[in-house]
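# Fold and geometry: a report
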Amino acid sequence: MADEPNPEDLEIADELIAERRAEAPGETPEDMTAWQRPITAAIDVINYRAGQIIALMMVPLIAIVVWEVFSRNTFIILQDAGFEDFARSIGLGPTLQAYDLSRMIAGVLWMAGAGYGLMRGVHIRADFLYRNWSIKTQATVDALLYLFFFIPSMIFFTVVAAQFWWLAYETGERMALDSAWQPILWPARIAMPIGGVLLLIQGIPEIFRAFHTMGKERERIFVMALPVYLIAVAWLSLAIFAPDVVPGGAWFTDLMSARPNLDKPTIGLIMLAAMLFVIFIGFPISFTLIFLAFVFGIWGSNFKLTTLLMTLNTNSTMLNDQLMAVPLFVLMGIVMESAGLMERLFASIQMIMARVRGALFIAVLIVSTIFAAATGIVGASVTLLGIMAGATMSRSGYNVKLAAGCITAGGTLGILIPPSIMLIVMGPVLEVSTLDLFRGAFIPGAMLASLYLLYTLGRCWINPSLGPILSDEDQPDTSKFYGAEVALICLGILTVCRVFGLGLGGAFGGVIPFAGLIVLTITLVVAYAAYRNLNVLRIVVPIAVLFHLYMIVANMGDGLPTWSIVFGAFIVLLAILARPIYGKDAEGNFYFSSLWDEFFAGLMPPTILISFALGSILLGLATPAEAAAMGAFGAILLSLAYRKFTFPSFFDSLIKALEITVLIMFLVAASNFFGAQFSALGTPKMLTELLLGLDMSPYLILLLVMALIFLLGWPLEWVPIVLIVVPILLPTVEALSLHGLDRYDMMVWFGILVAVNLQTAWLSPPVALSAYFLKGVVPNWDLKDIYLGMMQFMLVQLFGLILLLIFPQLVLWLPKVMGG
């Protein structure tokens, strides 16, 4: 039987990676067949060097977008202040080139880096069945599938892509439909044939590795058949692309032109069954989709339409401005993780809540929510939370099942909470704005985090032994007025947040340039002075309380909303709790504990970064791609500020970001091609008519769709479900009439339902990698206990999903309010 994945070998980005290769590029087994070793090593090194060069393209990508955002917004501020001529004289203002250059670079990034991705083993496969076979069986199946699926599909892809590029070069084709700059396309489009060639040649080392693994006896049979195979592949390629050159070419052309006896929708059903069969065998999904789309496209339609769909879908994926955010947000998360900010934040929250039962549960869920908004990488969250909390939870006598469930559930929030990579990928699939998906996910994400918190604290309240108060050795040193400390910190944070929100909303605009930034800076300076000096604090506190009460009254309009009354009461409560600072005992006895320094050192940098990146998206001030670039740039600055930045570590972050980007984006392109061909056969329409023709309620049909996605979330990751399964089900969902929603709102709601549903892929044993990440960093926890803990939170999550099904306005309210 195949070995279980070794948790110690998993990296933070491995939740999407099927088989990351451990050996160095160019390194080959000593007992590999002699003539295969130099070929394998040479091709590996070629793709490795290509990947290193391509990864560096993220630097100019960030620079172009950051300059565009800074230049445009500074110009607008100066223009509003009456300094337009000055702004133009120093070269500020929006540019025509930045938008097109950035998306072309992003497209080249993943397309040309696809060969590197295969060399590093980062193409996703559904190994649900594959991993249970023997090593030799796996290698034999790999060799057969590479020879009969991968090599032909990559030859087809490379030749067609080269023709597509040559046409653009020869005609001087320009980007005319969605570009004011209208640049020529061939420099970017050349990445398609280059990426195809690098992928094609990388298939050779993969075949040789499979030969080596299967054993000499089986390898001898394959090697003997290789000459016949090469002749057959050469003949097939020439018969398709140059039929006049080879014998039988005309016959093959007539064969491809012949119409099948089956109708097109039936061919589509066979195509769907073949896809599921091959995917569950365990071959990398993207190559399976390309090959099947070619074969069934030619069978059901014709060769010309099939190649046209391939080139157009790959080209549109390369130039998609929403998907450009994927590599940038991934890089932002990886750099943030390497800066070590989350460890400081967790330690400080743990100390702050030390006197509360279940303090570590609270700390885990708060940190995981912030980290989810910062990275969106589940593996990173679960691994770091396990490292930070696991040992302390064990030492403090916390229940292992509840602790494991809390860590793994908190880690999965990165799938949903913006800026989620999954939502960025899902936007084009659903044909809705990624911005509205981000807005729609905000309340469900906060709701799930709150449900997790209520569940853990409720269990601790019923049974205190599940999360006991931390031991004396883990208790922090605080002043005699710790309650006042907490109240004042809360009041300060709320005040800064309100000022920040007013500035972001333009409340201080029109007075002087950068008025919002200036007011926020003054507020922070005053807050810091109050934090360090008791006399200043005594003056500032009543001003802050009156400021909040004034803002509540000023915004009451025709009435006072319930939330305003609750918020006002909370502010008054904080003021009451802060009263001890005005007593005589406060002199010399009241001070802010050192744990608050750690708290702010860990909280403020990621919070500011997330607020600017996510806030600019939610308020419509920047596109997701622009916010991603600013976030990546900010993460680099934070890494520099914390003295964690080194060029080798930054380059390693670029490489990791490239690997994940290639994995996601190549599968996006392949699934778009497969989906376009599948739709052209008419099968989705037939399935929709069949389901709607059944005597079932639309709500029951939606429940069946959700149940199917839930079940597929056990063996499959979110990527193939979002890119393959959802497009197949989409026509059926679009035809449903639910809650009186129009098509657009229906798709936003459905997208968030799918996102919440897919979190179960991380909480559903025995396939979920979250368990292996956690077991790897907390080896004394039994895997059975981890599974049982995950199942508890999966039920909590299903309760949250039911709430979203019943009350769609939980998803749709914020997009409507913020979108006007």
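Residues numbered from 1 in each chain as written. Predicted model: local features only at pLDDT ≥ 70, side-chain atom pairs only at ≥ 80, totals over all residues. Heavy atoms only, no water.

## A few points about the overall build of the protein
Looking only at helices and strands, the protein has 34 helices and zero strands in total. A compact globule built from 820 residues should have a C-alpha radius of gyration of about 28 Å, and the protein, at 29 Å, falls within 12% of that. When the backbone C-alpha atoms are referred to their principal axes, the protein occupies close to 100 × 65 × 60 Å. Sorting the 820 residues of the protein into buried and exposed places 56% on the buried side. The long-range fraction of contacts in the protein, counting pairs at least 24 apart against all pairs at least 6 apart in sequence, stands at 81%. Accessible surface computed for the protein: about 33,600 Å², of which carbon and sulfur atoms make up 68%. Taking the 41 positively charged and 55 negatively charged side chains of the protein as two groups, their mean positions are separated by 4 Å. (Helix = DSSP H or I, 4+ residues; strand = E, 2+ residues; numbered from the N terminus. Rg over C-alpha atoms; globule rule 2.2 N^0.38 Å. Buried < 20%, exposed > 50% of the residue type's maximum accessible area, 1.4 Å probe, protein only. Contact = heavy atoms within 4.5 Å. Areas by Shrake-Rupley, 256 points an atom, 1.4 Å probe, with all protein chains shown as cover. Lys, Arg positive; Asp, Glu negative; His and termini not counted. Charge placed at Lys NZ, Arg CZ, Asp CG, Glu CD.)

## A short note on the side chain of Asp44
Relative to the elements of secondary structure, Asp44 occurs in helix H1 (residues 36–55). A distance of 2.2 Å separates polar atoms of two side chains, one belonging to Asp44 and the other to Arg209. Every residue in contact with Asp44, bar those within four places of it in the chain, is listed here: Pro25, Gly26, Met119, Gln202, Pro205 and Arg209. (Polar contact = N/O pair within 3.5 Å; in protein donor to acceptor, adjacent residues only side chain to side chain.)

## With respect to the side chain of Thr408
Assignment of secondary structure puts Thr408 in helix H18 (residues 400–412). In this structure Thr408 touches Val382, Leu763, Ser770, Leu774 and Met790, once residues within four positions along its chain are discounted.

## Focus on the pattern of salt bridges
This structure, assessed with the given rule, holds 17 salt bridges. In this structure, Arg209 and Glu206 form a salt bridge, with 3.3 Å as the shortest nitrogen-oxygen distance. Residue Arg209 and its partner Glu206 are both found in helix H8 (residues 191–214); the two are separated by three residues, about one turn of the helix. Taking relative accessible area as the criterion, Arg209 reaches 12% and is therefore assigned buried. Given the relative accessible area of 6%, Glu206 is considered buried. With a shortest N-O distance of 3.8 Å, Glu219 and Lys216 are connected by a salt bridge. Taken as a pair, Glu219 and Lys216 lie in helix H9 (residues 216–241) at a separation of three residues, close to a single helical turn. For Glu219, a relative accessible area of 5% puts it in the buried group. (Salt bridge = Lys/Arg side-chain N within 4 Å of Asp/Glu carboxyl O.)

## Describing the confidence of the model for the protein
Chain-level pLDDT for the protein is 84 on average; 92% of the residues reach the 70-or-more range. Model confidence for the protein, summarised as mean pLDDT per element, is weakest for helix H15 (residues 341–352) at 75 and strongest for H1 at 94. Segment residues 1–18: pLDDT under 50, and 49 contacts once partners within four positions in sequence are set aside and those in other chains are kept. (pLDDT = per-residue confidence, 0-100.)

## A few points about the nonpolar core
Within the largest apolar cluster, 269 residues are counted, with the highest numbers of intra-cluster contacts made by Met393, Val425, Phe590, Trp749 and Phe750. Looking at this core, the element that brings in the most residues is helix H27 (residues 647–680), giving 19 residues. (Core = buried A, V, L, I, M, F, W, Y, C linked by side-chain atoms within 4.5 Å.)

## Regarding a nonpolar patch on the surface
A cluster of nonpolar side chains, Trp35, Ile39 and Ile204, forms an exposed patch at the surface whose accessible area comes to about 250 Å². Secondary-structure assignment places Ile204 in helix H8. Take Ile204: its relative accessible area is 31%, and that puts it in the partly exposed class. (Patch = residues over 30% accessible without salt bridge, like charges linked within 9 Å, V, L, I, M, F, W, Y side chains within 5 Å.)

## Observations concerning the state of the cysteines
Going through the model one piece at a time under the given rule, you end up with zero disulfides. Cysteine Cys490 shares no disulfide, and the gap to the nearest cysteine sulfur, in Cys497, comes to 11 Å. (Disulfide = S-S within 2.5 Å.)

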